[in-house]
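Residues per chain, in single letters:
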Amino acid sequence: MAHLFRELSLGHSKRETTPPPPPPPSMASVIPSDLPPSPLGQLAVQFSESDLRLIAYEIFVAACRSATGKPLSSAVSSVSVANPDSPSNGASPASPAAQRSLTAAAASKMKKALGMKSLSSLSPGSTKSPGSGSGSGSGSGSGGKSKRPTTVGELMRIQMRVSESVDSRVRRAFLRIAASQVGRKIESVVLPLELLQQLKSSDFTDQQEYDAWLKRSLKVLEAGLLLHPRVPLDKTSSSQRLRQIIHVALDRPLETGRNNEQMQSLRSAVMSLATRSDGSFSDSCHWADGSPFNLRLYEMLLEACFDSNDATSMVEEVDDLMEHIKKTWVILGINQMLHNLCFTWLLFSRYVVTGQVEMDLLYACESQLAEVAKDAKTTKDPEYSQVLSATLSAILGWAEKRLLAYHDTFDRSNVGTMEGIVSLGVSAARILVEDISNEYRRRRKGEVDVARTRIETYIRSSLRTAFAQASRMEKADSSRRASRNQKNPLPVLAILAKDIGELAVQEKRMFSPIWKRWHPFAAGVAVATLHVCYGNEIKQFISGISELTPDAVQVLRAADKLEKDLVQIAVEDSVDSDDGGKAIIREMPPFEAETVIANLVKDWIKSRIDRLKEWVDRNLQQEVWNPVENQGGGYALSAAEVLRITDETLEAFFQLPIPMHPAVLPDLIIGLDKYLQYYVSKAKSGCGSRTTYMPTMPALTRCTTESKFQGVWKKKEKSPPSQKKNSQVTTSNGEGGSFGVTQICVRINSLHKIRSELDNVEKRVITHLRNCESAHTDDFSNGLGKKFELTPAACIEGVQQLSESLAYKVVFHDLSHALWDGLYIGDLSSSRIEPFLKELEQNLTVIAETVHERVRTRIITDIMRASFDGFLLVLLAGGPSRAFTIQDSQIMEQDFKSIKDLFWANGDGLAMDLIDKFSTTVRGVLPLFSTDTDSLIERFKGMTLEAYGSSAKSRLPLPPTSGQWSGMEPNTLLRVLCYRNDESATRFLKKTYNLPKKL
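Notes on the structure follow. (Residues numbered from 1 in each chain as written. Predicted model: local features only at pLDDT ≥ 70, side-chain atom pairs only at ≥ 80, totals over all residues. Heavy atoms only, no water.)

1. A short note on the overall build of the protein chain
Short version of the rule: Under the scheme used here, helices are H or I runs from DSSP no shorter than 4 residues and strands are E runs no shorter than 2 residues, and both carry numbers assigned from the N terminus. Per-residue accessibility, obtained with a 1.4 Å probe over protein chains only, is compared with the maximum for each type, and a residue is labelled buried under 20%, exposed over 50%, and partly exposed between these values. Contacts between residues were defined by any pair of non-hydrogen atoms, one from each residue, lying within 4.5 Å. Exposure was quantified through the Shrake-Rupley algorithm and a 1.4 Å probe, taking into account, for residues, occlusion by the shown protein chains and nothing else.
Each helix and strand counted, the protein chain has 41 helices and zero strands in total. In the protein chain, which comprises 999 residues, the proportion classed as buried is 52%. Contacts in the protein chain between residues at least 24 apart in sequence constitute 78% of all its contacts with a sequence separation of at least 6. Accessible area of the protein chain: about 45800 Å², with a carbon and sulfur share of 50%.

2. Concerning the side chain of Arg216
Within the fold, Arg216 resides in helix H9 (residues 207-227). What Arg216 contacts, discounting residues up to four positions off in sequence, is Phe47, Asp51, Leu54, Ile55 and Glu58.

3. Observations regarding the environment of Pro491
Locating Pro491 in the fold gives a position in the loop between helix H21 (450-483) and helix H22 (492-515). You can call Pro491 buried: its relative accessible area is 12%. Each C-alpha atom of the pair Pro491 and Asp551 lies 6.1 Å from the other, and the pair is 60 residues apart in sequence. Ignoring anything within four residues of it in the chain, the contact list for Pro491 reads Asp551, Gln554 and Val555.

4. Topic: the packing of aromatic side chains
Aromatic rings in a pair are described by how distant their centres are and how their planes are angled relative to each other. Under the convention used in this document: Side-chain rings of Phe, Tyr and Trp (the six-membered ring for Trp) are treated as a pair once their centres are within 6.5 Å; stacked means planes under 30 degrees apart, edge-to-face means over 60, and tilted covers the remaining angles.
Per the stated rule, a full pass over the model turns up 22 aromatic pairs. Judged by centre distance (6.3 Å) and plane angle (45°), the ring pair of Phe884 and Tyr979 falls under tilted. Here Tyr979 lies in the loop between helix H40 (970-978) and helix H41 (983-993) and Phe884 lies in the loop between helix H35 (853-877) and helix H36 (888-904), a separation of 95 residues in the sequence. For Phe884, a relative accessible area of 1% corresponds to the buried category. Of the residues examined, Tyr979 reaches a relative accessible area of 5% and is grouped as buried. Cluster of aromatic residues (ring-pair linked, three or more members): Tyr824, Phe868, Phe871, Phe884, Phe896, Phe929 and Tyr979.

5. Notes on the nonpolar core
To keep things clear, this is the line we draw: We define the nonpolar core as a collection of buried residues of types Ala, Val, Leu, Ile, Met, Phe, Trp, Tyr and Cys that are connected through side-chain atoms lying within 4.5 Å of one another.
Leu266, Trp515, Tyr534, Phe653, Phe871 and Phe903 are the most contacted members of the largest nonpolar core, which totals 291 residues. Counting residues per element, this core draws most heavily on H35, which supplies 14 residues. Non-local contacts of Phe903, meaning those with residues more than four positions away in its chain, are made with Leu840, Leu844, Ile860, Ile863, Met864, Ser867, Gly909, Leu910 and Ile915.

6. Topic: the pattern of salt bridges
Applicable threshold: Throughout this description, the term salt bridge denotes a Lys or Arg side-chain nitrogen within 4 Å of a carboxyl oxygen of Asp or Glu.
In total, this model carries 38 salt bridges according to the counting rule given. Where Arg216 meets Glu58, a salt bridge forms, and the shortest distance between an N and an O atom there is 3.4 Å. Separated by 158 residues along the polypeptide, Arg216 in helix H9 and Glu58 in helix H3 (residues 49-67) bring together distant segments of the chain. Look at Arg216 and you get buried, because its relative accessible area is 8%. Judged by relative accessible area, which is 11%, Glu58 ranks as buried. Between Arg454 and Glu400 there is a salt bridge, with the nearest N and O atoms lying 2.1 Å from each other. Remark: Glu400 occurs in helix H17 (residues 382-403) and Arg454 occurs in helix H21; sequence separation between them is 54 residues. The exposure class assigned to Glu400 is buried, which follows from its relative accessible area of 13%. Here the salt bridges do not stand alone but share partners, grouping Glu49, Arg296 and Glu299 into one network.

This is how it looks when you write it as structure tokens:
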């Protein structure tokens, strides 16, 4: 054993008191909140950082001296920093020192494997050198030239910040141990126990230092054998005894003499616990190989690989240093897998605490993590798996803390570090899920894409956070403006939509290219997430909208634009996907902002139209149907108002700040069309029709020549027509309410005015459309949806109905005394047509002056037709008070010509062909009154037999009254016979139908 500790010089043989270099700032003090707690475990006994370094250093020195019987020769020659090329410095090339010097100058294999910059990659002007800055601990050379470490041992001492005096004391102790433990391997020696035996208070500068060292050594035994043993403790007396000894020794100084009884008890208890087998069939002592004690000590050794003057880089001699550090495995119970894991954590923690600026550390950590992934697949050791899981969870947790809110973590200045952090997090997650998770192993690996799943989680989480922050910010800004009574130019959700659109563009340009390495459709996931976030806000907003307001339209338009932008990004990102992006699009249920706007517009339209109909009802109740003064056309005030309101409604519609005027215009036109049709229907209501004023057809009877047409007949004949009169109908022109001749004329003019103005309204609609931002050429060329369909037809029908109603009102109601009650009553020569024509002409004058010239001809034509109908009705259904001879036919012909002449007006009235067209029926019936009775009877019989066939031979049936008078119609012939004043007609009617002579 003595040879193990001979030549322990690490470049110095004399006891020195030179203090170690000042320690660099503790890693934990750089960014204390960033680095997660060490996953290697927390010790149950409290050691300072310097205590752990000294313990680790003692193990390092012991392990290295036992592995080779030679001094720890450095790979670096003693070269002057000031003049490294001086031939007087260093050994010859053939010497071991020279060979090591060449190795150190070359690029480090370890750095190269980790992807870290080495000395050879530094710029020519760099002053960085192997072990740079570490020479200060070895004393000062002559001439102010500081020397670098000359051996690996010296480099390790400096890196671990061990003073030369402490180093000298440790070496002396090992010499004494070697002398007393000849032939024993270092792993079979409990170092702190032996150091307690060999070191005395005289080896220390003062008693206080000795007492502190003594307590530390006892705490090492407590930690390694009692608190963190390699082999689990049982209820043996050794553990109880050791615990008692340590407890006492911590209160009272321990006597460390070899033959001291207290020391003997300590040795017995320590060796009893340390030599318990762990099942490895070796004779090693287990005092520093229990977890987490061994891991913490090994972490201290690995820390020495980093330059004490530059915390982000490793020393150039890291290959040699690591080679010697690995020799401690036999004492610490470390293997390659634990080394890979500890070194991964060290690289990671270095990157974190040095400000996360040295990407070489991050890439080296990821490279080392690849080795850990290989290890994880090959072992099922539960202790290793526990440390592995803790380490990966710590790394993943740190990465996810940044990635789950990467919009807060990264910007243009540091986005370059993001990919490395993502890669590190994904690698850790893969190992955790694929190699540790039992659930994953139970499932087919093809079902889970760890990287893609994690990336989706990061994207969705961060964007939800960014969205929430943007939303809160805009709401806060809006509240501040409201509190200061500042006008808000845009609603909050409209501003938010703009912000989210900009966020989506930033995501696509800055972050999606990074995510795409692990997720091919990252941008699609991002915009789908933003779409859902904003969708929740807009749905809540929509649920609270009750009417169309400028703010509502602004928000909905902003939402629609945002949705189009987001969908466009998703489509572009999914071009190469198998489903063409359908899966992503399915995650984006449409806002339907345009539909909501359209529905709001439709509600606006419906509300307007409902109010317009109410206006019609209210105003027509007050309308007196007098023509508007100072306006041509003779239409009513209500008609002018209807057209004005129609224009105002169209103007208000096209001023709505909506993007789809052409799309919802048909709804407005349909609404206005129904509103105008409603006005038309109301304007013509109550004015009656042709049948309203036609007198009741009297029953067939027979008049005799003795009939003196007593007043009782007239009374009874007048009664039926009076029952048909409407109580609202006036008996004079323009008097007695709103249904006089003048008022009906104004109604007709009003409908004509509306009908004629519709073309102008439709032209104004086209003009408005041309000024719409969303209009297209087709919207102008295609007339569908821009034309009124119901109102023109309603106006035409209304004018026709009012015209006919006016005509029959004048003839059969207003002039009934001259026509129905006066024409051909009694002696024909004294009851001719002239009184009727005189009053009719007066009415025609009023009508011609009142109605619009475009409808004048129609109305006068209807009056002429009504006059012809009235004339025939007197002749064929005038009742028993009228009787005609063949000679009376001449008077009838003259009176009929007088009627026609009135309407022809010497060429200034109606056209003769129009008069002839409507007088055809009268001209076909009048010849019957000049035909002899026998001929009429024979013609009647022939027509009846022809109509009814053989069933009419025994008895002629009574032909029904059709009202369609004609010389070829049996009922017309029968009526002429009924009013024929001669015996032949009387006998035929009595015999055939037994018609009474009196009603």
